[in-house]
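# Working through the structure, step by step
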Amino acid sequence: MTGSNYEKSLPLFNTPSCIPRPPLKKQCTSPKSWAQKLDIVLDTLKSIDWTVADLLYYLFHLHDRHNDPIHHSHRHAAAVQQFLHGKTKIIPSFIVDAWLHSADGCIAEGSEESSLMYSTEVDYKMIRSICPALTSFVVQLIWPKLCSESSSALHQDSSLSTKPMEWLDIGQHTVAILKDQPVLWNFMLSLGLQQPHGTHRVTEQQWQHPVEGVSVLWM
């Protein structure tokens, strides 16, 4: 049998014009809205028996139950550092502001916790609700600063304890307060500039300008 006759005797098969491709894998669509992403986070926390409080606490806590420093992983430390240094899109002050003004954190007027607002006596770490805790934190944070400024100013100018202040010294000592006690000065300035409606408004430049002397004291 010649070669040409042999080829003609071979059975013919219908070959497909193209080889079918395997079915494409179904692509998982990631959640697009912040609400969808938040639901995933909350579901994940629930699956590991955690709450939002657990997440925040273990994300930022510094010491263990024995008060020993905790060594975070590099990934953990890097994420916290980026946030606390304000290198993320949402910075810490945005979170604190949201906590302070959230309707979910409002407390009833006249309640026991409302009496803890701006507390100078109860340690802010012992206050459970966010609004009284934050306001008390601010007050208790600024108080040592005011005391420190006052102590430093008195040490720098020992003449205050030996020489009685006179009217002619008011301008001089006002400048000293502005320099050595800036926090106290800004509080005094803010309170002093609150004029009744319709009265002449005193500018900050007028307050900062030292007076030459006072001849008449208006009562």
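Everything here concerns the structure above.
Note that the coordinates shown come from a computational prediction; the quantities given were computed from them, not determined experimentally.

## Some details on the overall build of the protein chain
Scanning the protein chain from terminus to terminus reveals nine helices and zero strands. Tracing the protein chain from N to C terminus, the helices and strands come up as α-α-α-α-α-α-α-α-α. Within the protein chain, buried positions represent 11% of all 219 residues. By element, 61% of the accessible surface of the protein chain is carried by carbon and sulfur atoms, the whole surface being about 19,200 Å².

## Comments concerning the side chain of T135
Relative to the elements of secondary structure, T135 occurs in helix α6 (residues 130-156). What makes T135 buried here is its relative accessible area of 6%. A distance of 3.0 Å separates the side chain of T135 from the backbone oxygen of C131, its partner in a polar contact. For T135, the side chain forms a polar contact with the main-chain oxygen of P132, separated by 3.2 Å. Those residues in contact with T135 that lie beyond four places of it in its chain are L100, M117 and Y118.

## Focus: helix α2 (residues 34-47)
Helix length check: α2, at 14 residues, gives a terminal C-alpha distance of 20 Å against a target of 20 Å (1.5 Å per residue), a fit within 8%. Phi for D49, located one or two positions after α2, is positive at around 60 degrees.

## A word on the environment of K125
Along the chain, K125 turns up in the loop between α5 (92-101) and α6. As a C-alpha pair, K125 and F137 span twelve residues in sequence and 8.1 Å in three-dimensional space.

## Some words on the packing of aromatic side chains
As enumerated under the stated definition, the model contains four aromatic pairs in all. With 4.9 Å between their ring centres and 65 degrees between their planes, Y124 and F137 make a pair best called edge-to-face. On the criterion of sequence distance, the pair formed by Y124 in the loop between α5 and α6 and F137 in helix α6 is long-range, its members being 13 residues apart. Here Y124 falls in the partly exposed class, since its relative accessible area comes to 28%. Every member of this aromatic cluster is reached through a ring pair, and the members are W50, Y57 and Y58. A cation sits over an aromatic face here: K125 above Y124, 4.8 Å from the ring centre.

## Digging into the packing of helix α3 (residues 52-60) against helix α4 (residues 74-84)
The description of two packed helices rests on the angle between their axes and on the distance between the axes. Packing of α3 against α4 leaves a shortest axis separation of 10 Å and a crossing angle of 95 degrees. One way to sum up the angle between α3 and α4 is to call them roughly perpendicular. Contact residues: Y58, L59 and F60 in α3; H76, V80, F83 and L84 in α4. When its residues are assigned to classes, the contact of α3 with α4 shows six nonpolar, one polar and no charged.

So, how was this worked out
Residues numbered from 1 in each chain as written. Predicted model: local features only at pLDDT ≥ 70, side-chain atom pairs only at ≥ 80, totals over all residues. Heavy atoms only, no water. Helix = DSSP H or I, 4+ residues; strand = E, 2+ residues; numbered from the N terminus. Buried < 20%, exposed > 50% of the residue type's maximum accessible area, 1.4 Å probe, protein only. Areas by Shrake-Rupley, 256 points an atom, 1.4 Å probe, with all protein chains shown as cover. Polar contact = N/O pair within 3.5 Å; in protein donor to acceptor, adjacent residues only side chain to side chain. Contact = heavy atoms within 4.5 Å. Expected span 1.5 Å × (residues − 1). Phe/Tyr/Trp six-rings, centres within 6.5 Å; stacked < 30°, edge-to-face > 60°. Lys NZ or Arg CZ within 6 Å of the ring centre and 35° of its normal. Axes fitted to C-alpha atoms, helices over the stretch in contact; angles between N-to-C directions. Parallel < 35°, antiparallel > 145°, perpendicular 65-115°, else oblique. Nonpolar A, V, L, I, M, F, W, Y, C, P; charged D, E, K, R; others polar.

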